Amino acid sequence: MPSGQGSNPLRTRAGIPVHEPLANPVAAAAAAAALASPDAAHIIRSPLLEEFRSNKNKKYELKDIVDHVVEFSGDQHGSRFIQQKLETANSDDKQLVFDEILPNCLQLMTDVFGNYVIQKLFEHGSQAQKTILAKQMEGHILSLSLQMYGCRVVQKALEHVLTDQQATMIRELDGSVLKCVKDQNGNHVVQKAIERVPSQHIQFIIDTFHGQVYHLATHPYGCRVIQRMFEHCPEDQTERLLEELHRCTNQLVQDQYGNYVVQHILEHGQDEDKQLIIGKIRGHVLQLSKHKFASNVVEKCVAYGNIEDRRALIDEVLQTRPDGSYPLLTLMKDQYANYVLQKMLDVVDDGEQRDLLVSKIRMYLHSVRKYTYGKHLTQSKS
């Protein structure tokens, strides 16, 4: 059972939150029946919702479900209906939905179907409605961020509320940033905050990362957050964190998650940061190219390094080693390194170096035909 679902009154009471007085006596009766018969709660629906679900020919409008908006929001088909209608609804119909949703919005935010209705209100509601909805979330941002459906609503709110409210909302995570980053739901909220909230309002998030770069970069969720930070935050915020990253580059390139952070810097970072990373790869191309994770980083070094770096990396595999072995032959035979070699062939700029690379590959083709990993090289160069 998804987190939060078992205790959600919207799920256990037929989509009708019984703690609020219901204007419609039929809806109230359905709620009472749900309480009286807990075992049947998941199938008890008001006659209106039952008719809506069974009658596919009748055209319903939002005004047809007055006093049942919350119940419909907690139903798979009803929720989809409201979502579709909100996209083109006039202001009166939006207000109708908003007025019924508001007293029950927190429960709907953590509901498997209801959360989508709240998201649509953030997308298509008036700015005043968005402000009021977000105000209801105050004091609950952390719990919502850690919940499967609530985290989606927090992200949507951050996209659509004004800056002051963004800052107020995200500040509630202060003291729990690392908990969120390492959470399967919360990490998405932190990523969204980094993407959408002005940098001066998320300094507390950046401060939390100091001394934690290696720990976060090698975490399945933390590595995503670190990438978003380097992508969106200004240099004055990330400078110290980049220095921290450079101190552990050698470990990160060989980590199943850390390698993605290093790749991100090579693709999107400043030239000086790329140079620092490539400098640590040079002299170790053969060893790292044979590594499952580091080989991806070597590929990026070849693809995004400058002409001088690219030439040096390729020269490294063209040389004969002191023991008489040939790095190029090893690359051709290896299940990971052969992709690095293919990338070298794709991007080599120097005509003379390219000719040398191709001629040496042809020289060793007879040695790699029996290796599965070298077959695409033999096909392209034979």
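Residues numbered from 1 in each chain as written. Predicted model: local features only at pLDDT ≥ 70, side-chain atom pairs only at ≥ 80, totals over all residues. Heavy atoms only, no water.

K.L.:
I'm lost on the nonpolar core in this one. Help?
P.N.:
Generally speaking, a soluble globular protein has its nonpolar side chains buried in company with each other. With 101 residues, the main nonpolar core has Ile-82, Met-137 and Phe-209 as its most contacted residues. In contact with Ile-82, other than residues within four places in its own chain, are Leu-62, Ile-65, Val-69, Phe-72, Ser-73, Val-97 and Val-117. (Core = buried A, V, L, I, M, F, W, Y, C linked by side-chain atoms within 4.5 Å. Buried < 20%, exposed > 50% of the residue type's maximum accessible area, 1.4 Å probe, protein only. Contact = heavy atoms within 4.5 Å.)

K.L.:
What's the story with empty space enclosed by the protein in this structure? I'm lost.
P.N.:
Here the idea is plain: a probe the size of a water molecule rolls over the atoms and shows the empty space left. A complete count under the given rule lists one cavity of 30 Å³ or more for this structure. Roughly 40 Å³ of internal volume is contained in the largest cavity. The wall of the largest cavity is formed by Ile-307, Arg-310, Arg-311, Ile-314, Val-348, Asp-349, Asp-350 and Gln-353. Here the lining of the largest cavity gets four residues from one element, more than from any other, and that element is helix α24 (residues 307–318). (1 Å grid on protein atoms, 1.4 Å probe; cavity = no way out; pocket = protein on both sides within 12 Å on 5 of 7 lines; lining within 4 Å. Points joined across faces, edges and corners; volume = space filled by probe spheres on them. Helix = DSSP H or I, 4+ residues; strand = E, 2+ residues; numbered from the N terminus.)

K.L.:
Sorry, what's going on with the environment of Asn-306 here?
P.N.:
Residue placement: Asn-306 occurs in the loop between α23 (294–304) and α24. Residue classification places Asn-306 among the partly exposed residues on the basis of a relative accessible area of 35%. Through-space distance from the C-alpha of Asn-306 to that of Gln-275 is 8.7 Å; in sequence the pair is 31 residues apart. In this structure the side chain of Asn-306 is engaged in a polar contact, spanning 3.2 Å, whose partner is the backbone nitrogen of Glu-308. (Polar contact = N/O pair within 3.5 Å; in protein donor to acceptor, adjacent residues only side chain to side chain.)

K.L.:
Sorry if this is basic, but what is going on with the packing of aromatic side chains here?
P.N.:
How two aromatic rings sit relative to each other is given by the distance of their centres and the angle of their planes. Under the defined criterion, the tally for this structure stands at three aromatic pairs. When the centroid spacing of 5.2 Å and the interplanar angle of 75° are considered together, the rings of Phe-52 and Tyr-60 count as edge-to-face. Look at Phe-52 and you get buried, because its relative accessible area is 12%. A relative accessible area of 5% means that Tyr-60 is categorised as buried. Each member of the aromatic cluster is reached from another via a ring pair, and the members are Phe-52, Tyr-60, Phe-72 and Phe-81. (Phe/Tyr/Trp six-rings, centres within 6.5 Å; stacked < 30°, edge-to-face > 60°.)

K.L.:
Which parts of the structure should I look at to understand the pattern of salt bridges?
P.N.:
For side chains of opposite charge, pairing can occur when their charged atoms come near one another. Scanning the model with the defined rule gives 17 salt bridges in all. Its salt-bridge partner being Arg-45, residue Asp-75 comes within 3.8 Å of it at the nearest N-O pair. Of this pair, Asp-75 sits in the loop between α4 (69–73) and α5 (76–88) while Arg-45 sits in the loop between α2 (25–36) and α3 (47–54); the two residues are 30 residues apart in sequence, bridging distant segments of the chain. The class of Arg-45 is partly exposed, set by a relative accessible area of 24%. The residue Glu-123 makes a salt bridge to Lys-120 at a minimum N-O spacing of 3.7 Å. Here Glu-123 and its partner Lys-120 are both found in helix α8 (residues 114–124), three residues apart, which amounts to about one turn of the helix. According to the relative accessible area criterion, Glu-123 is partly exposed, its value standing at 28%. Take Lys-120: its relative accessible area is 14%, and that puts it in the buried class. By sharing partners, the salt bridges in this structure join Glu-87, Lys-120, Glu-123, Lys-156, Glu-159, Lys-192 and Glu-195 into a single network. (Salt bridge = Lys/Arg side-chain N within 4 Å of Asp/Glu carboxyl O.)

K.L.:
Sorry, what's going on with unusual backbone geometry here?
P.N.:
With the exception of glycine, the majority of residues adopt a negative phi angle, and the majority of peptide bonds are in the trans configuration. Its identity is not glycine, yet Asp-67 carries a phi of approximately 75°, on the positive side. With respect to the helices and strands, the residue Asp-67 is situated in the loop between α3 and α4. Given the relative accessible area of 31%, Asp-67 is considered partly exposed.

K.L.:
Is there a simple way to explain the confidence of the model for the protein chain in this structure?
P.N.:
Regions with low pLDDT should not have their predicted coordinates read in detail. For the protein chain, the average pLDDT comes to 88, and 85% of its residues sit at 70 or higher. For the stretch residues 1–23, pLDDT sits under 50, and the model shows 51 contacts to residues farther than four places along the chain or on other chains. Overall, residues 28–41 carries pLDDT values under 50, and its contacts beyond four positions in sequence, including any with other chains, amount to 17 contacts. (pLDDT = per-residue confidence, 0-100.)

K.L.:
So what exactly am I meant to see when it comes to helix α9 (residues 127–137) here?
P.N.:
Of all the positions in α9, only Gln-129, Lys-130, Leu-133, Ala-134 and Met-137 are classed as buried. All buried residues of α9 fall inside an arc of 130° around its axis, so they share one side. Lining the buried residues of α9 we find α6 (91–101), α7 (105–109), α8, α10 (141–145), α11 (150–160) and α12 (163–171). Looking one or two residues beyond α9, the residue adopting positive phi is Gly-139, at roughly 90°. (Arc of directions from axis to C-beta.)

K.L.:
Hey, could you run me through the packing of α5 against α8 in this one?
P.N.:
A pair of packed helices is captured by two measures, namely the crossing angle of their axes and the spacing between those axes. Between α5 and α8, the least distance of the axes is 9 Å, while the angle of their chain directions is 5°. Classified by the angle between their axes, α5 and α8 sit roughly parallel to one another. Here Ser-79, Ile-82, Gln-83, Leu-86 and Glu-87 of α5 come into contact with α8, specifically with Tyr-116, Val-117, Lys-120, Leu-121 and His-124. Each residue belonging to the contact of α5 with α8 can be placed in one class, and the counts come to five nonpolar, three polar and two charged. (Axes fitted to C-alpha atoms, helices over the stretch in contact; angles between N-to-C directions. Parallel < 35°, antiparallel > 145°, perpendicular 65-115°, else oblique. Nonpolar A, V, L, I, M, F, W, Y, C, P; charged D, E, K, R; others polar.)

K.L.:
Even after reading the chapter, I still don't get the packing of α8 against α9, so can you show me in this structure?
P.N.:
One way to put it is that α8 packs onto α9 with a least axis distance of 9 Å and a crossing angle of 135°. It follows that α8 is oblique to α9 by the angle criterion. Here α8 contributes Ile-118, Leu-121, Phe-122 and Glu-123 to the contact with α9, which in turn contributes Lys-130, Leu-133, Ala-134 and Met-137. Residues belonging to the contact of α8 with α9 are distributed by class as follows: six nonpolar, no polar and two charged.

K.L.:
Teacher, can you tell me more about a negative patch on the surface here?
P.N.:
Side chains of Glu-235, Asp-236, Glu-239, Glu-243, Asp-271 and Glu-272 sit close together on the surface and give a patch of like negative charge. Secondary-structure elements contributing two or more residues to the negative patch are α18 (235–246) and α21 (271–281). A per-element tally of the negative patch places α18 first, with four residues. Within the secondary structure layout, Asp-236 lies in helix α18. (Patch = residues over 30% accessible without salt bridge, like charges linked within 9 Å, V, L, I, M, F, W, Y side chains within 5 Å. Areas by Shrake-Rupley, 256 points an atom, 1.4 Å probe, with all protein chains shown as cover. Lys, Arg positive; Asp, Glu negative; His and termini not counted. Charge placed at Lys NZ, Arg CZ, Asp CG, Glu CD.)

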